Structure formats: structure tokens, C-alpha cells
Amino acid sequence: MPLFEHHLFICTNERDSSASRPSCLPEGSKKLKSAFKDAIKEAGLKQKVRANESGCLDQCEHGPVVVVYPDAVWYGKVHPRDAQEIVQEHLLKGRPVERLRLAESCINSDRCPHRK
Ligand code: FES
């Protein structure tokens, strides 16, 4: 069995509605995971790409959030209709979908201007 070339981590964390920060599950991340699974299968990448649910990726204000490794490309506000484009452009052609990428200044930083 070949090693996977990419792993997608799709945040499916859910917080209580009274929490100070939002979470990805209410933004539709379960449907997003299903859309990625379908797109990966359609592209014939099941042996090369793994899409997994993850806990909070600490980019909660940008949900639903997806990170692609080993490329370390972070996507935010990803809609199920975007899954096909990410698979076709990023995973097959090596061209990250720029319009969905999170700004580097938001990643792993308390200074993200969107952070609550
Ligand atoms: S809840 Fe999804 S990134 Fe925090």
C-alpha cells in the first residue's frame, strides 16, 4: 500500500452556542467532509489522499477550516461546493486555491484581526 501524499484535516469541532468563539461544525463542516470524500474518490485519489475530521484548529473565526499537509496550506470559509476545486487544483495540479487561503498573519497568531 503506498503512503498517502496529502492529508486534509477538516475541523468538525462544536462549541456551545454561548461560547465566546464560534466553531466549525455549525458552519457545515460535516457536509464539507463528505464533499471532500466524494471529490477525492471521483478524482481517483483514494489511495493518495486522506480526509480526516479534526478537533479545533484554532482558526475558529474562519470556519469551516481545512488544512492540507504536508503543504501546510490553510483554507477558511470553505463551502462543500469548494471541495471539488481544492481537489482538482491543489491536490491534482499542485496549485492551492488562493481565494480560500487564510492569511499567514492569521495562522498560529493571537494577532489575527478576525480573532475574538
Ligand atoms: S472550531 Fe474549527 S478551528 Fe476552532
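Residues numbered from 1 in each chain as written. Predicted model: local features only at pLDDT ≥ 70, side-chain atom pairs only at ≥ 80, totals over all residues. Heavy atoms only, no water.

(A) Expanded view of the environment of leucine 3. For leucine 3, the position within the fold is in the segment before strand S1 (6–11). On the accessibility criterion, leucine 3 (75% relative accessible area) is exposed. Once the C-alpha coordinates of leucine 3 and glutamine 47 are considered, the two residues, 44 residues apart in sequence, prove to be 7.9 Å apart. (Helix = DSSP H or I, 4+ residues; strand = E, 2+ residues; numbered from the N terminus. Buried < 20%, exposed > 50% of the residue type's maximum accessible area, 1.4 Å probe, protein only.)

(B) Structural view of helix H1 (residues 29–42). The end-to-end C-alpha separation of H1 is 20 Å, in line with the 20 Å expected for 14 residues at 1.5 Å each. Residues of H1 that are buried sit in contact with S1, strand S2 (49–54), strand S3 (66–69) and helix H2 (83–92). Following H1 by one or two positions, glycine 44 has its phi on the positive side, about 70 degrees. (Expected span 1.5 Å × (residues − 1). Contact = heavy atoms within 4.5 Å.)

(C) Quick look at the pairing of S3. In this sheet, S3 lies alongside S1 in antiparallel orientation, the contact comprising four bridges. Bridge pairing in S3 places leucine 8 opposite valine 68. In this structure, S3 lies alongside strand S4 (residues 73–75), joined through three bridges in antiparallel fashion. Its bridge partner being in S4, valine 66 is matched across the sheet by tyrosine 75. Following S3, the chain reverses through three residues before pairing antiparallel with S4; alanine 72 in that reversal takes a positive phi of roughly 55 degrees. (Pairing = 2+ DSSP bridges.)

(D) Structural detail: the pattern of salt bridges. According to the stated counting rule, one finds eleven salt bridges in the structure shown. Across the salt bridge formed by glutamate 53 and lysine 33, the nearest N and O atoms sit 2.8 Å from each other. In this pair, glutamate 53 sits in strand S2 while lysine 33 sits in helix H1, placing the two residues 20 residues apart along the sequence. Classification of glutamate 53 as partly exposed rests on a relative accessible area of 33%. Where aspartate 82 meets arginine 99, a salt bridge forms, and the shortest distance between an N and an O atom there is 3.0 Å. With aspartate 82 in the loop between S4 and H2 and arginine 99 in the segment after H2, the pair connects residues that are 17 residues apart, well separated along the chain. Looking at aspartate 82, the relative accessible area reads 5%, which means it is buried. Its relative accessible area of 54% is what places arginine 99 among the exposed residues. Where salt bridges share partners, they join Arg21, Asp58, Glu61, Asp110 and Arg115 into one cluster. (Salt bridge = Lys/Arg side-chain N within 4 Å of Asp/Glu carboxyl O.)

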